[in-house]
Amino acid sequence: MKHQHQSDDTDTAAFPEQFARTRRFSLGVPRQFTVSPDGRRVLFVRTGSGSDPVGRLWQYEAGEERLLADPALLVGGGAEDAPEEERLRRERARERSVGVVEYATDAAVRVVAFALSGALWVVRTDGGAPFSVPAAGAVVDPRPSPDGRCVAYVSGRSLHVVGLDGDDRLLAGAEGPEVSYGLAEYVAAESMGRSRGYWWAPDSHRLLVARVDTSPVARRYLSDPAAPSRPPQVIRYPSAGTANAEVTLHLLTLDGGRTEVSWDRAAYEYVVDAGWDAHGPFVAVQSRDQRVVRTLAVDPGTGATEARHERTDPAWVELVPGTPSRTASGALVLPEDADGTRRLTVGGRRVTPDGLQLAAVLGVEGERVLFTASDDPVETHVWCHEPGTGCRRLSRDPGVWTGTGRGGTTVLAGMTPHGHQVHVLRDDDAPAAPGLVPEPASAPAQRPAHDSARSAAHDSASGSAHGSPHLPARRHPEAIASLAEEPVIVPRPIHLSLGKRELRAALYFPSWHRPGTGSLPVLLDPYGGPGMQLAIRARSWTGCVSQWFAEQGFAVLVVDGRGTPGRGPVWEKAVHGDQLGPALEDQVDAVRAAGERFPDLDLGRVGIRGWSFGGFLAAAAVLHRPDVFHAAVAGAPPTDQRMYDTHWKERFLGHPDEQPENYARSSLAGHGHLLRRPLMLIHGLADDNVAAAHTLRFSAELLAAGRPHTVLPLPGATHMPADDAVNANLLRVQRDFLKEALPAPGGATAAR
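For clarity, every value in this text was computed on a predicted model and none was experimentally measured.

1. With respect to the pattern of salt bridges
Then step 1. Taken as a whole and assessed by the stated rule, the structure comprises 46 salt bridges.
Then step 2. A salt bridge links Arg-21 to Glu-485, with the shortest nitrogen-to-oxygen separation between them at 2.9 Å. With Arg-21 in helix α1 (residues 9-21) and Glu-485 in the loop between β37 (478-479) and β38 (494-498), the pair connects residues that are 464 residues apart, well separated along the chain.
Then step 3. For Arg-56, the salt bridge is made with Asp-70, and the minimal N-O distance between the two is 3.4 Å. Of this pair, Arg-56 sits in strand β3 (residues 54-61) while Asp-70 is found in the loop between β4 (64-69) and α2 (71-75), placing the two residues 14 residues apart along the sequence. There is no split in this pair, since Arg-56 and Asp-70 are both buried.
Then step 4. What emerges from the salt-bridge pattern is a single network uniting Glu-80, Glu-86, Arg-89, Arg-90 and Glu-102.

Structure below.
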């Protein structure tokens with residue numbers, strides 16, 4: 001029997017197809033959990049298998065799963081025909097499946113609404129088959145009222161409400177082709193994390209609705225050169241320094257009433273979040289320079305607003321998912337950056353300890369707050385806070401966890417070193433007292449400015465600093481099964497802390513390599529930018545790909561440098577004004593430190609590959625540090641930061657008219673003449689996020705400077721290529737390019 005950490009040639013050859021077929025091992029993984037108020041039932045979405053892309057709606061109750069909705073039985077097995085607004089929403093969400101990909105419920109979790117190929121479907125969780133509800137047109141983002149009597153939805157950029165009997169009412173009609181009601185604008189969905197544009201009131205008679213007018217936003221035209229007879233797609237894309245969409249909020253009643261919400265939109269043009277709870281509607285707004293976020297209470301009768309909280313930061317105010325929220329008593333749940341730690345505050349009090357970095361608020365029930373946080377950058381855990389009790393960590397095993405909870409039940413979903421796991425934890429499954437972190441009694445002590453996380457070597461698995469090594473034994477929790485395929489290539493990372501900044505890293509050797517038996521070329525495989533960590537203690541798809549490249553004969557190094565999340569606000573904001581310098585310096589320091597510790601790493605043959613920010617970093621490496629990096633593959637790289645969207649790019653670099661030097665130092669454009677090493681550029685020609693113009697213009701600059709390079713265009717591909725054959729062969733194309741660019745001494749092959 002083959003050892004689980006070995007990979008034979010058959011597995012290596014089969015991996016690219018498996019990687020593509022499973023949509024990066026995402027198919028078959030349970031997700032989108034909703035817990036009923038009594039905690040007895042859990043709804044979730046899961047595809048039929050690890051290679052089946054069709055999502056189905058399930059209910060878990062009393063230890064058993066029940067299928068609520070199967071698209072194959074409702075609309076057949078043909079190709080899906082989603083409306084354009086839904087297609088764009090899925091692109092922003094990086095959705096890889098079809099069928100039931102999202103749903104919403106009433107307050108009791110008895111009525112569930114979802115869309116299939118633009119048709120509105122409803123199913124009751126207490127029995128009965130799903131039934132279609134007539135709608136005015138193709139349906140996007142249907143959401144039942146809290147009382148379950150009707151469903152709101154967007155169609156033709158207009159907001160409708162329909163009773164379950166089919167009685168349809170137009171609440172807000174789009175006044176023109178540039179106007180929409182109930183949808184999130186581009187920068188909200190792509191860069192803020194706000195994917196929705198309307199919110200029901202608890203009384204089911206009113207809604208808070210976003211109106212978006214994109215007429216001030218510049219047009220872009222996306223065409224497919226491989227299909228010249230097809231007309232171009234026109235999109236509204238706000239590049240850095242240009243006008244954003246105009247977003248207003250309106251209070252609508254089911255009987256046709258309408259009141260506009262008023263605030264200083266000139267000073268706070270971004271609507272970063274909104275909601276309507278038992279205390280009334282609320283909204284979080286942000287200034288254009290992103291240094292101020294205000295939480296506003298909205299008068300539901302007049303639309304007048306009152307500031308309840310203001311967060312400021314000289315760099316930018318980081319948006320934390322799930323905030324602002326309010327407890328049953330009305331206490332605001334917000335983040336606060338202080339002394340190197342991103343803390344959770346409730347009612348203005350800091351309730352999490354020094355060094356525990358808040359990641360997201362998952363939910364609020366009564367006075368209980370469920371949240372995720374890290375005290376070790378390579379792991380993220382689910383915690384809960386209750387007044388007088390303090391914080392308690394709920395997820396036990398190493399990994400990156402998230403979850404939801406209600407009625408004494410918490411669903412924990414995590415990527416672990418052994419794959420995806422979902423646990424259903426009841427409040428009586430573990431004692432309440434052991435493993436608690438008491439609430440801070442006073443302001444936190446100062447920590448080193450360069451890193452608020454605990455300082456320790458991470459070459460092996462370790463417990464976290466706040467209670468995790470001493471979690472009490474508990475009854476084995478219930479589990480919801482993952483149907484994801486097991487990867488034929490099993491990652492075997494060595495977790496490291498490298499250099500003076502203790503850079504978190506993972507090093508992958510070929511399974512067949514034995515120390516001292518020969519040198520290996522080094523391949524850096526980073527993302528290295530905001531919003532994503534790769535050097536985590538979990539079996540992610542990125543780790544599987546890194547191990548596959550290792551099996552080709554590379555020592556693969558993955559490094560999370562400055563600007564990546566999980567290590568506190570000082571670490572994240574070290575890239576303010578310069579997104580390239582610190583990020584590249586950390587990759588250089590890491591590969592040199594790894595070379596000192598592992599003699600088999602051949603630092604005379606170092607390649608680097610990446611996608612999106614990682615692609616930008618890879619190309620920058622061979623431009624600016626050819627002494628360290630000898631070849632690069634850059635996928636979908638943003639080469640000119642002025643061409644990226646307002647909210648994302650101005651967050652880090654400011655307004656290009658006011659701080660042009662930040663954009664110049666952080667762009668590849670203008671530096672093409674520096675290229676001395678082999679470089680492959682890959683780009684989807686239908687990418688509406690990082691436009692193909694980034695690569696095409698940079699390629700033209702390289703050609704004008706007489707710098708040879710390779711360009712691989714992907715016709716019809718977006719920022720997330722969807723074609724299985726393309727995704728499989730992209731791995732092989734990159735491997736072959738890097739092997740040719742990094743030949744072994746004497747011409748011998750690096751791999752077995």
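2. Thoughts on unusual backbone geometry
Note on backbone geometry: most residues besides glycine have negative phi, and most peptide bonds are trans.
Then step 1. Residue Thr-323 is joined to Pro-324 through a cis peptide bond whose omega torsion reads 0°.
Then step 2. Among the secondary structure elements, Pro-324 is positioned in the loop between β24 (305-312) and β25 (325-326).
Then step 3. The phi torsion at Gln-32 lies on the positive side, around 55°, for a residue other than glycine.
Then step 4. Relative to the helices and strands, Gln-32 resides in strand β1 (residues 31-35).
Then step 5. At Arg-94, a residue that is not glycine, the phi angle is positive and equals roughly 55°.
Then step 6. Mapped onto the elements, Arg-94 comes out in the loop between α3 (84-93) and β5 (98-99).
Then step 7. For Arg-94, a relative accessible area of 25% corresponds to the partly exposed category.

3. Some remarks on the sheet that holds strand β7 (residues 111-116)
Then step 1. Strand order in this open sheet of four strands is β6-β7-β8-β9, and the pairing throughout is antiparallel. Every other strand in the sheet has two partners, leaving β6 (104-105) and β9 (131-133) as the edge strands with one partner each.

4. Let's talk about helix α11 (residues 693-704)
Then step 1. Given a rise of 1.5 Å per residue, twelve residues ought to cover 16 Å, and the 16 Å separating the end C-alpha atoms of α11 matches this to within 8%.
Then step 2. Turning to α11, its buried residues are His-694, Thr-695, Phe-698, Ser-699 and Leu-702. Taken down its axis, α11 places every buried residue within 120° of arc, on the same side. Along α11, the residues that are exposed and aim more than 90 degrees away from the buried face are Arg-697, Leu-703 and Ala-704.
Then step 3. Elements in contact with the buried residues of α11: α8 (613-624), β44 (679-684) and β45 (710-714).
Then step 4. Two residues or fewer past α11, Gly-706 is found with a positive phi of approximately 75°.

5. Things to note about the packing of aromatic side chains
Then step 1. All told, the structure shown has 13 aromatic pairs when counted by the stated rule.
Then step 2. Taking the centre distance of 5.0 Å and the plane angle of 80° together, the rings of Trp-548 and Phe-549 count as edge-to-face.
Then step 3. Taking the relative accessible area as the measure of exposure, Trp-548 reaches 0% and is therefore buried.
Then step 4. Here the aromatic rings of Phe-613 and Phe-616 are separated by 5.3 Å at their centres, their planes lie at 65°, and the arrangement is edge-to-face. In this pair, Phe-613 and Phe-616 both sit in helix α8, three residues apart, roughly one turn of the helix.
Then step 5. On the accessibility criterion, Phe-616 (0% relative accessible area) is buried.
Then step 6. Here the aromatic residues Phe-15, Phe-19, Phe-25, Trp-541, Trp-548 and Phe-549 are joined through ring pairs into a cluster of three or more.
Then step 7. Of note, Arg-220 hangs over the ring of Tyr-237, and the distance from its end group to the ring centre comes to 3.8 Å.
Then step 8. In this structure, Lys-649 packs its charged tip against the face of Tyr-644, placed 5.2 Å from the ring centre.

6. Details of the environment of Tyr-268
Then step 1. Checked against the element boundaries, Tyr-268 lands in the loop between β20 (258-260) and β21 (270-277).
Then step 2. The exposure class assigned to Tyr-268 is buried, which follows from its relative accessible area of 12%.
Then step 3. The spacing of Tyr-268 and Asp-289 is 21 residues in sequence and 9.3 Å in space, taken between C-alpha atoms.
Then step 4. Beyond its immediate stretch of four places on either side in the chain, Tyr-268 contacts Trp-263, Val-285, Gln-286, Ser-287, Val-292, Arg-294 and Glu-310.
Then step 5. In this structure the side chain of Tyr-268 is engaged in a polar contact, spanning 3.2 Å, whose partner is the side chain of Arg-294.

Parameters and conventions
Residues numbered from 1 in each chain as written. Predicted model: local features only at pLDDT ≥ 70, side-chain atom pairs only at ≥ 80, totals over all residues. Heavy atoms only, no water. Salt bridge = Lys/Arg side-chain N within 4 Å of Asp/Glu carboxyl O. Helix = DSSP H or I, 4+ residues; strand = E, 2+ residues; numbered from the N terminus. Buried < 20%, exposed > 50% of the residue type's maximum accessible area, 1.4 Å probe, protein only. Pairing = 2+ DSSP bridges. Expected span 1.5 Å × (residues − 1). Arc of directions from axis to C-beta. Contact = heavy atoms within 4.5 Å. Phe/Tyr/Trp six-rings, centres within 6.5 Å; stacked < 30°, edge-to-face > 60°. Lys NZ or Arg CZ within 6 Å of the ring centre and 35° of its normal. Polar contact = N/O pair within 3.5 Å; in protein donor to acceptor, adjacent residues only side chain to side chain.

That is the geometry; function is a separate question.
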